Amino acid sequence: MIHGLVNKVSFFLLKNSVIEEENVPAIKYGLEYLLMSLIVIIFLTTISLVFSQSLQVIGLLLGFFLIRNSLGGYHTSKESTCLSLSILVLTGNLVLINLIASFRPELLYLLMGLVLILALVVKPVDHPNRRFAPGEAKAFRKKFILSIVFITIAAVVAMIFFQDLGRLFATSLFMGVITAIIAVIWVIEKKKRLGEKNENNN
């Protein structure tokens, strides 16, 4: 459904000379990402209103999308699978966030440490429809580090000034960050396995 809509919009823009033909893949990538992000946000916003999870959803989405935008990544071969997995995983995160906040709040500091460690080793990955230009991967890496710094500062400030609610928000932030990073690590490993398979076939 999303893929078909994106194709129609891209064709319309191309036909009316709004975009150049060489820009079509990048436009498709941007539209797919925008539409899927909107669906995820609408779904989780509905959950937040029904189950009074607004703070958790805001923190989770903020952490997830800040990192997702700076790391890139092509998660699955079909946008429907990517969308379904995103909704499932982020909804599951809401359950984990509440469990951590209720029973093991000290895990927040473990999450913070894990985020800072992962920040040292994870690198941005591109999309088949949106390849990095020369030097662009370095710029995305810098954006990623700045996002981590911003999120960590926001989490610490929230914990200092808002105590329990601050810890809940910080936990949500870091869970969003870790989810986005794990998705990118999955992409990197998938590409490695695919490359090894191609080498063996040759």
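Residues numbered from 1 in each chain as written. Predicted model: local features only at pLDDT ≥ 70, side-chain atom pairs only at ≥ 80, totals over all residues. Heavy atoms only, no water.

Trainee: Can you walk me through the overall build of the protein chain in this structure?
Mentor: In terms of regular secondary structure, the protein chain is built from 6 helices and 0 strands. Taken across its 202 residues, the protein chain has 40% of its residues classed as buried. (Helix = DSSP H or I, 4+ residues; strand = E, 2+ residues; numbered from the N terminus. Buried < 20%, exposed > 50% of the residue type's maximum accessible area, 1.4 Å probe, protein only.)

Trainee: Please explain the nonpolar core as it appears in this structure.
Mentor: One broad trend across soluble globular proteins is that nonpolar side chains are buried collectively. The biggest cluster of nonpolar side chains holds 45 residues, and the ones touching the most others in it are Leu 44, Ile 67, Phe 144, Phe 174 and Ile 181. It is helix α6 (residues 136-201) that contributes the most residues to this core, 18 residues altogether. Residues in contact with Ile 181, not counting those within four places in the same chain, are Ile 67, Leu 71, Leu 118, Val 122 and Phe 144. (Core = buried A, V, L, I, M, F, W, Y, C linked by side-chain atoms within 4.5 Å. Contact = heavy atoms within 4.5 Å.)

Trainee: I'm lost on a nonpolar patch on the surface in this one. Help?
Mentor: Taken together, the side chains of Ile 145, Val 149, Ile 153, Val 156, Val 157, Ile 160, Phe 161, Phe 162 and Leu 165 define a hydrophobic patch exposed on the protein surface, amounting to about 850 Å² of accessible area. Checked against the element boundaries, Leu 165 lands in helix α6. (Patch = residues over 30% accessible without salt bridge, like charges linked within 9 Å, V, L, I, M, F, W, Y side chains within 5 Å. Areas by Shrake-Rupley, 256 points an atom, 1.4 Å probe, with all protein chains shown as cover. Salt bridge = Lys/Arg side-chain N within 4 Å of Asp/Glu carboxyl O.)

Trainee: Is there a simple way to explain unusual backbone geometry in this structure?
Mentor: Peptide bonds are mostly trans, and most non-glycine residues show a negative phi. Its identity as a non-glycine residue notwithstanding, Ser 52 has a phi of 55 degrees, on the positive side. Structurally, the position occupied by Ser 52 is in the loop between α2 (24-51) and α3 (54-71). Accessibility expressed as a relative area gives 61% for Ser 52, which makes it exposed. With a phi angle near 50 degrees, Gln 163 is a residue other than glycine that sits in the positive phi range. Tracing the sequence through the fold places Gln 163 in helix α6. A relative accessible area of 53% means that Gln 163 is categorised as exposed.

Trainee: Explain α2 to me, please; I cannot follow it from the model alone.
Mentor: Since there are 3.6 residues in each turn of an α-helix, residues three or four apart along the chain are aligned in direction. With 28 residues, α2 should cover 40 Å at 1.5 Å per step; its first-to-last C-alpha distance of 40 Å lies within 8% of that length. At the C-terminal side of α2, Ser 52 shows a positive phi close to 55 degrees. (Expected span 1.5 Å × (residues − 1).)

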